[in-house]
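# Commentary on secondary and tertiary structure
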Amino acid sequence: MADHRNATTLEEDALHMHASGRPGKIEISPTKALTTQRDLSLAYSPGVAAPCLKIHQDPATAYDYTAKGNLVAVISNGTAVLGLGNIGALAAKPVMEGKAVLFKRFADIDGIDLEVGTEDVDEFVNAVRYLGPSFGGINLEDIKAPECFIIEQRLRELMDIPVFHDDQHGTAIVTAAALINALDLTGRAIGHTRVVINGAGSAAIACAELLKAMGAAHNNVVLCDTKGIIHAGRTEHMNQWKSAHAAETDARTLADAMKGADVFIGLSVKDAVSPDMVDSMAGRPILFAMANPDPEITPEAVAAVRPDAIIATGRSDYPNQVNNVLGFPYIFRGALDVRASTINEPMKLAAAEAIAALAREDVPDELGEVYADTRLRYGPDYIIPVPFDPRLMEAVPPAVAQAAMDSGVAQKPIAIMDAYRRELAQRLDPTAASVQGIFQAVREKPRRVVFAEGEEEKAIRAAIGFRNARLGTPVLIGREALVREKIKELGLHGVGDLEIHNARLADNRGRYVDYLYERLQRKGLLFRDCQRMVNQNRNVFAACMVAAGHADAMVTGLTRSFHTCFDDLELALDHKPGEEVFGLSITIGRGRTLFIADTNVHELPSPEVMANIAVQSAAKARQMGHEPKVAFLSFSNFGNPDRVMAQPLRQAVEVMDSRSDVDFEYDGEMNVDMALEPALRERVYPFCRLTGPANVLIMPGLHSAHIVSRLLKQTGAGTTIGPILMGLSKAAQIVPMRSTVNDMVNAAALAAHESIRLETTRRGKGTKRRNRSAAAQ
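Residues numbered from 1 in each chain as written. Predicted model: local features only at pLDDT ≥ 70, side-chain atom pairs only at ≥ 80, totals over all residues. Heavy atoms only, no water.

### Some points on the overall build of the chain
- When its secondary structure is counted, the chain shows 31 helices and 21 strands.
- On C-alpha atoms alone, the chain measures out to a radius of gyration of 29 Å, which is about the 28 Å that the 2.2 N^0.38 rule sets for 777 residues.
- Oriented by its inertia axes, the alpha-carbon framework of the chain measures out at about 90 × 70 × 65 Å.
- Taken over 777 residues, the chain has a buried fraction of 52%.
- A sequence separation of at least 24 residues applies to 71% of the contacts in the chain between residues at least 6 apart.
- Only carbon and sulfur atoms are counted for the fraction: they give 52% of the accessible area of the chain, which is about 34200 Å². (Helix = DSSP H or I, 4+ residues; strand = E, 2+ residues; numbered from the N terminus. Rg over C-alpha atoms; globule rule 2.2 N^0.38 Å. Buried < 20%, exposed > 50% of the residue type's maximum accessible area, 1.4 Å probe, protein only. Contact = heavy atoms within 4.5 Å. Areas by Shrake-Rupley, 256 points an atom, 1.4 Å probe, with all protein chains shown as cover.)

Okay, here's the thing in structure tokens:
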């Protein structure tokens with residue numbers, strides 16, 4: 001069940017996020033240089049007249065000279081905002097901005113939110129119908145039924161661009177995709193499958209329509225609303241959309257309809273379904289309990305009575321999340337790219353089939369590593385892709401585009417579909433999907449993470465944020481009375497059960513002292529030195545907790561420099577055998593991610609150390625969805641000019657050449673221009689082994705690496721993740737002292753995910769040893 005204990009904290013964090021910096025979540029950013037007077041004269045008067053005249057002569061060229069072809073309007077009047085109801089157009093704006101962000105994040109579509117301040121259908125339609133020249137598509141959102149049906153139908157008739165109500169069709173498409181696979185796994189044919197849908201709003205009606213388009217028999221799809229079964233002859237609380245799905249049935253209640261049913265689809269309210277109802281269903285029942293935030297019945301309750309059931313929900317903390325984000329961004333992507341005049345039934349069915357087919361494919365190692373779990377294999381717990389699967393971009397839009405072409409609504413057919421798929425693959429940086437996948441993996445295997453600076457306000461808020469995000473159990477190190485007082489001063493409620501350890505009073509401090517003394521007695525430290533460090537140094541105490549297995553990971557860095565914290569951690573934590581410990585900074589810019597190392601540990605790394613760092617950095621890049629292309633950076637290019645300081649980089653390349661574990665592109669030494677501009681590099685140094693721009697940059701020393709990574713962050717050149725501390729045998733992260741609460745939560749999630757990976761690796765090695773032992777016997 002959902003945990004509402006910390007709702008106040010979550011609300012405060014959300015308000016802070018929306019209000020910090022530039023208010024809101026979106027901005028307009030130019031795609032052309034606008035630096036000089038000539039730039040401005042081309043972009044605006046007098047140069048802008050040229051594209052205007054071209055469009056006047058041929059309206060289709062608007063797609064060539066303007067952003068129309070990649071622009072979707074997200075439009076609402078705020079009458080049915082999920083979980084909030086009728087809050088009005090203005091109050092719905094944060095949701096619509098969020099929807100616009102999702103379009104950009106998942107499909108590289110520019111969304112503009114438009115809130116229309118009327119509940120009158122005619123006024124709403126008249127406000128929207130004239131927007132066609134501005135946009136490539138219209139996404140209707142959070143409009144109450146039955147008005148949403150009328151509005152969408154009339155706008156589709158009046159406009160020559162796609163009009164799509166996501167609450168209806170997005171939900172239906174993703175539900176259909178999950179059902180296709182559930183039917184496959186249970187050996188059912190849709191034409192003979194009995195389906196009960198609880199709810200008769202816009203999403204439920206759309207689900208019924210799409211299932212029937214897929215082949216479900218009319219009388220085999222039974223809808224139920226608050227007044228009971230929607231059956232032939234019923235007159236109470238009916239409308240034309242409900243009447244279209246009235247079934248010939250003797251069932252009058254949900255419990256009646258559930259008896260012998262094959263499928264339940266819930267789009268209603270919490271606890272609408274009882275275990276007895278589930279128990280009355282047919283063999284191997286399929287239940288999609290999609291009420292949010294709490295399902296009609298929990299998967300645990302279903303499994304207790306019907307362990308043979310296949311279950312999906314709308315929740316991210318259970319397998320098989322039915323999430324609209326699997327559909328709408330990619331459906332619009334495909335529709336826009338062929339300039340479709342509408343989104344029709346064949347396009348919806350194609351999207352559902354493509355999403356379903358993707359779940360049946362083998363999951364790439366990179367995605368499997370991110371989730372650090374074996375559940376991403378087609379089966380009862382994996383009938384639909386995870387929301388952050390980057391392959392969706394290559395799978396769904398081509399299917400939608402092809403369906404638009406086949407059904408005659410595409411105005412710009414795609415000639416070579418394989419080339420289109422390659423283009424789609426390059427539109428999005430996979431890093432964001434990988435980071436989201438990391439969070440999801442941690443939610444599925446929550447960890448105990450120690451926040452060493454537990455008396456700091458940011459650490460307290462980050463710990464609560466970590467728990468609110470369902471990432472695991474935070475452990476604060478500090479004086480409990482002081483921490484509780486700070487929590488009270490911050491006005492945080494419902495956090496009385498936070499775990500707090502005072503290092504000086506902790507039960508395990510004697511064990512930690514013994515452990516530390518055994519490690520350090522031959523390195524100049526006395527027993528009382530170890531006592532003092534465990535009692536007084538919270539970093540050391542936290543590291544001992546992790547080393548002893550009393551916590552899975554730790555995060556620190558708010559109050560002390562990286563090097564001070566790192567020295568503390570090394571007192572209690574070992575390096576991974578055969579690996580370097582170093583800092584890896586990840587910078588995500590417009591369409592490009594750079595992995596920069598070593599930004600924190602090695603002042604002047606030797607060629608061998610640089611080679612090791614390159615191999616480990618390449619592995620991390622690959623884990624995050626990138627094919628590594630490693631450049632050893634210098635001020636010189638391949639000996640020009642030939643200087644002593646560049647020699648270690650050339651020698652590092654020679655070390656790489658001698659290794660057998662290198663399966664990626666690398667070269668050097670080279671300067672930044674040559675590393676990042678392949679056209680220039682190919683012209684000047686055609687022998688270079690890199691193809692395309694480098695994405696893993698191995699720096700010659702700590703001074704340059706640290707300066708570059710901080711400069712990129714401070715100038716706003718992109719979003720920076722890290723530095724991530726690599727190479728320790730236990731999971732720990734050190735954040736910069738300037739870090740925000742969100743930075744702390746992200747670092748804790750990365751540390752938690754690393755602990756999952758380490759555990760999986762240890763388990764795998766143990767299995768191999770047992771297998772070898774068994775074979776020897």
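### A closer look at the side chain of D167
- By secondary structure assignment, the location of D167 is in helix 8 (residues 166–186).
- The buried charged residue D167 lacks any salt bridge partner; its closest oppositely charged side chain belongs to K99, at an N-O distance of 5.7 Å.
- Here H165 takes part through its side chain, which lies 3.1 Å from a polar atom of the side chain of D167.
- Setting aside anything within four residues of it in sequence, one finds D167 in contact with E141, D142, I143, S202 and A203. (Lys, Arg positive; Asp, Glu negative; His and termini not counted. Salt bridge = Lys/Arg side-chain N within 4 Å of Asp/Glu carboxyl O. Polar contact = N/O pair within 3.5 Å; in protein donor to acceptor, adjacent residues only side chain to side chain.)

### Details of the pairing of strand 11 (residues 447–451)
- Burial analysis of strand 11 places four of its five residues in the buried class, the great majority of the element.
- Chirality of the crossover, the property in question, places the unit of strand 11, helix 20 (residues 457–468) and strand 12 (residues 472–477) among those that are right-handed.
- In this structure, strand 11 lies alongside strand 14 (residues 553–556), joined through three bridges in parallel fashion. Considered in strand 14, the bridge of V450 is made with M554. (Right-handed = clockwise from strand over helix to strand, strands pointing away. Pairing = 2+ DSSP bridges.)

### Some thoughts on the packing of helix 9 (residues 202–213) against helix 15 (residues 345–360)
- Two elements in contact, helix 9 and helix 15, have axes separated by 11 Å at closest approach and are oriented at 85 degrees. With respect to helix 15, the element helix 9 is oriented roughly perpendicular. On helix 15, the residues that touch E209, L210 and A213 of helix 9 are E345, K348 and L349. (Axes fitted to C-alpha atoms, helices over the stretch in contact; angles between N-to-C directions. Parallel < 35°, antiparallel > 145°, perpendicular 65-115°, else oblique.)

### A closer look at the pattern of salt bridges
- Throughout the structure, instances matching the rule amount to 44 salt bridges.
- Ionic pairing is found between R757 and E754, a salt bridge with its closest N-O pair at 3.6 Å. Taken together, the positions of R757 and E754, both in helix 31 (residues 741–776) and three residues apart, correspond to about one turn of that helix.
- Salt bridges linked by common partners bring K104, D108, D110, E423 and R427 together as one network.

### A word on the sheet that holds strand 18 (residues 665–670)
- Here we have six strands laid out as an open sheet, ordered 18-17-19-16-15-20, and mixed in their pairing. Two strands bound the open sheet, and with one partner strand each, they are strand 18 and strand 20 (719–726). Averaged over neighbouring strand pairs, the angle between their axes works out to 20 degrees when direction is ignored.
- Two elements, strand 16 (residues 592–597) and strand 19 (residues 696–698), share three bridges in a ladder whose sense is parallel. Across the sheet, the residue bridging to F595 is V696, located in strand 19.

### Topic: the pairing of strand 20
- Here strand 20 lies mainly inside the structure; six of its eight residues are buried.
- The pairing of strand 15 (residues 582–589) with strand 20 spans six bridges and is antiparallel. When the sheet's bridge partners are listed, T587 is paired in strand 20 with T720.

### As for unusual backbone geometry
- In this chain, S45 is followed by P46 through a cis amide linkage whose omega measures 5 degrees.
- Here P46 lies in the loop between helix 2 (37–43) and helix 3 (49–57).
- Backbone torsion omega between A597 and D598 reads -5 degrees, so that peptide bond is classified as cis.
- Assignment of secondary structure puts D598 in the loop between strand 16 and helix 26 (607–623).

### What about helix 18 (residues 417–427)?
- Listed in full, the buried residues belonging to helix 18 are M417, Y420 and L424. On an axial view of helix 18, the arc spanned by its buried residues comes to 50 degrees, and they lie on one face. For helix 18, exposure combined with an orientation more than 90 degrees from the buried face picks out R422 and Q426.
- In this structure, the buried residues of helix 18 make contact with helix 14 (328–337) and helix 17 (392–406). (Arc of directions from axis to C-beta.)

### Some thoughts on the nonpolar core
- Core analysis: the biggest nonpolar cluster contains 100 residues, and I138, L140, I197, F288 and M347 have the highest contact counts within it.
- Per element, the largest residue contribution to this core is ten residues, and it comes from helix 8.
- Residues in contact with M347, not counting those within four places in the same chain, are A335, A340, T342, V400, A403, A404 and V409. (Core = buried A, V, L, I, M, F, W, Y, C linked by side-chain atoms within 4.5 Å.)

### Some words on helix 26
- Spanning 17 residues, helix 26 covers 24 Å between terminal C-alpha atoms, matching the ideal 24 Å at 1.5 Å per step.
- With 15 of its 17 residues buried, helix 26 lies for the most part within the structure.
- Following helix 26 by one or two positions, G625 has its phi on the positive side, about 95 degrees. (Expected span 1.5 Å × (residues − 1).)

### Let's talk about the confidence of the model for the chain
- Taken as a whole, the chain shows an average pLDDT of 91; of its residues, 95% reach a score of 70 or greater.
- Scored below 50 in pLDDT, residues 1–6 makes 18 contacts in the model with residues more than four places away or belonging to other chains. (pLDDT = per-residue confidence, 0-100.)

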